[in-house]
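# Summary of structural features
Residues per chain are reported as follows:
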Amino acid sequence: MIKINVSKLLCNVLLYAYVLLYRFLFESPDVTVLYTGDFRLPFCDLPKYKALHTINGKVKKIDAIYLDTTFAFPKYLQFPSREKSKNELVNIVNQWLNKNPNNQIAIIPTACYGLEFLLLELAKAIMKKLYIPSSILFENYSYIPEFSDLITSDSDSTNVHLCEYTRNKPHYCKLCFDKKHVFKRIRPSAMIFDQEHLNRPQLNEGIVDYSDPDIIKLAYSTHCSLQELKDFLKYISQDGCKIYPSVLPPQYNEKQILDNLETLSLHSETERNKEQETSDRDCVNYSSELQSSNDFEPTNKQSQSTMDFDNLIAPPRPRKFSRKN
């Protein structure tokens, strides 16, 4: 039994997902392990996490990383930035609501949580409250100060709502079938927007799919793309670091995922520079919000705990990729 330090790296509520997701850094005198949890963050924000760096600012030597590999394969090499997805969502909503006062917007979730960034930015941009029909979700969002004035439990007070999430069932929202209004339904999603889909010429702005007459699909991911994972590992991992995938996509084994993470990207340097410019703009936008809200700065809360460290770094059993995104 070895006493170790556990650093809890809190994802910034403004900067990442508006949901308190945690990453943990386990440190003993001889071994350091990082658990990422589900994550997506701009490359330029990594230096902000003090727990990942020595007092001199160098990246700590990490012996093992439990990595979110939800999209760690070539068909999901890149995703549009969250800023681009947000801007397109705001454009769609504004155009529809301005056409007719009876028009309504329905946002269809693909999970219980994960759309918080989009919802908050949308509400601020259109200056309307969001109706949250789920009492549990409404209560949880009410605890987030930025949400408190932008959500409502009164369906008649606004024309934008978040449908309730239905796990493993066809989507059904009673409010969407209200015949007094005309709804435009939007589903932010990542899974269908692989590289082949993103390159289709009929996609509006390259990230919006209108092929379904009932539901508009918007490219949006809360998980890292393959390229983002490679960038993360290039920054954080050093020689001898072991990578343990936490998710295995269908028909992939652990070795194939690790091979994907090591393979060099095939897209051009010009495309890479464009991506970096977009990422830099996102970092500037969100970092300015971060600096204006000290309550939600990434924090490193440390606690002492005792556990069997050999069991801690044992290879995990990756969960199968089954959820819709």
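In this text, all values refer to a predicted model and were calculated from it rather than measured experimentally.

Definitions and cut-offs
Residues numbered from 1 in each chain as written. Predicted model: local features only at pLDDT ≥ 70, side-chain atom pairs only at ≥ 80, totals over all residues. Heavy atoms only, no water. Helix = DSSP H or I, 4+ residues; strand = E, 2+ residues; numbered from the N terminus. Buried < 20%, exposed > 50% of the residue type's maximum accessible area, 1.4 Å probe, protein only. Contact = heavy atoms within 4.5 Å. Phe/Tyr/Trp six-rings, centres within 6.5 Å; stacked < 30°, edge-to-face > 60°. Lys NZ or Arg CZ within 6 Å of the ring centre and 35° of its normal. Salt bridge = Lys/Arg side-chain N within 4 Å of Asp/Glu carboxyl O. Core = buried A, V, L, I, M, F, W, Y, C linked by side-chain atoms within 4.5 Å. Arc of directions from axis to C-beta. Axes fitted to C-alpha atoms, helices over the stretch in contact; angles between N-to-C directions. Parallel < 35°, antiparallel > 145°, perpendicular 65-115°, else oblique. Left-handed = near helix turned anticlockwise from the far one by under 90°. Expected span 1.5 Å × (residues − 1). Pairing = 2+ DSSP bridges. pLDDT = per-residue confidence, 0-100.

## Quick notes on the overall build of the chain
Within the chain, the secondary structure is distributed over nine helices and 15 strands. Across the 325 residues of the chain, 51% fall into the buried class. Considering only contacts in the chain between residues 6 or more positions apart, those separated by 24 or more positions represent 77%.

## Some words on the packing of aromatic side chains
Within the structure shown, the criterion is met by eleven aromatic pairs. Centre to centre, the rings of Phe43 and Tyr235 are 5.7 Å apart; their planes meet at 85 degrees, and the pair counts as edge-to-face. One end of the pair, Phe43, is in the loop between strand 3 (32–35) and strand 4 (64–67); the other, Tyr235, is in helix 6 (residues 226–236), and 192 residues separate them in sequence. Among the residues examined, Phe43 registers a relative accessible area of 35% and is labelled partly exposed. Three or more aromatic residues joined by ring pairs form one cluster here, namely Phe71, Phe73, Tyr76, Phe79 and Tyr252. Over the ring of Phe117 we find Arg82, and its NZ or CZ is 4.5 Å from the ring centre.

## Quick look at the pattern of salt bridges
Taken as a whole, this structure holds nine salt bridges when the rule is applied. Put simply, Lys48 and Asp45 hold a salt bridge, and the shortest N to O gap is 2.5 Å. A salt bridge links Lys124 to Glu121, with the shortest nitrogen-to-oxygen separation between them at 3.2 Å. Here Lys124 and its partner Glu121 are both found in helix 3 (residues 116–126), three residues apart, which amounts to about one turn of the helix. Residue classification places Lys124 among the partly exposed positions, given a relative accessible area of 39%. Given the relative accessible area of 9%, Glu121 is considered buried.

## Topic: unusual backbone geometry
Phi angles above zero are rare outside glycine, and Met127 is one such case at about 55 degrees. The residue Met127 is located in the loop between helix 3 and strand 6 (130–131) in this model.

## Considering the nonpolar core
Counting 36 residues, the largest nonpolar core has Ile107 and Ile186 as the members making the most contacts within it. Contributing elements (two or more residues each) for this core: helix 2 (82–99), strand 5 (103–107), helix 3, helix 4 (135–142), strand 8 (160–162) and strand 11 (215–219). It is helix 3 that contributes the most residues to this core, seven residues altogether. Counting residues in hydrophobic clusters, the runner-up holds 24 residues, among them Leu52, Ile62, Ala72 and Leu248.

## Observations regarding helix 7 (residues 254–262)
Of the residues making up helix 7, those classed as buried are Ile257, Asn260 and Leu261. Taken down its axis, helix 7 places every buried residue within 100 degrees of arc, on the same side. Facing away from the buried surface of helix 7 by more than 90 degrees, the exposed residues are Lys255 and Glu262.

## Observations concerning the packing of helix 2 against helix 3
One can describe the packing of helix 2 onto helix 3 by two numbers: an axis separation of 10 Å at closest approach and a directional angle of 45 degrees. The angle between the axes of helix 2 and helix 3 places the two elements in the oblique class. With respect to the hand of their crossing, helix 2 and helix 3 are arranged in right-handed fashion. Contact residues: helix 2 offers Arg82, Glu83, Ser85, Lys86, Leu89, Val90, Val93, Asn94 and Leu97, while helix 3 offers Phe117, Leu118, Glu121, Leu122, Ala125 and Ile126.

## Comments concerning helix 2
In this model helix 2 runs 26 Å from its N-terminal to its C-terminal C-alpha over 18 residues, within 8% of the 26 Å that 1.5 Å per residue would give. Along helix 2, the residues classified as buried are Arg82, Glu83, Ser85, Lys86, Glu88, Leu89, Val90, Ile92, Val93, Trp96 and Leu97.

## Here we look at the pairing of strand 9 (residues 182–189)
On a regular strand, one side chain projects to one face of the sheet and the next to the other, so that they alternate. In terms of residue burial, strand 9 counts as a mostly covered element, since six of its eight residues are buried. The sheet contact formed by strand 5 and strand 9 spans five bridges and is parallel. Bridge pairing in strand 9 places Ile105 opposite Lys184.

## Focus: the confidence of the model for the chain
Mean pLDDT for the chain: 79, with 75% of residues reaching 70 or above. Confidence, expressed as mean pLDDT per element, reaches its minimum in the chain at helix 1 (residues 13–17) with 38 and its maximum at strand 6 with 97. With pLDDT under 50 throughout, residues 12–20 is counted as low confidence; its partners more than four residues away or in other chains account for 41 contacts. Throughout residues 284–315 the model reports pLDDT below 50, and contacts reaching past four residues in sequence, or to other chains, amount to 75 contacts.

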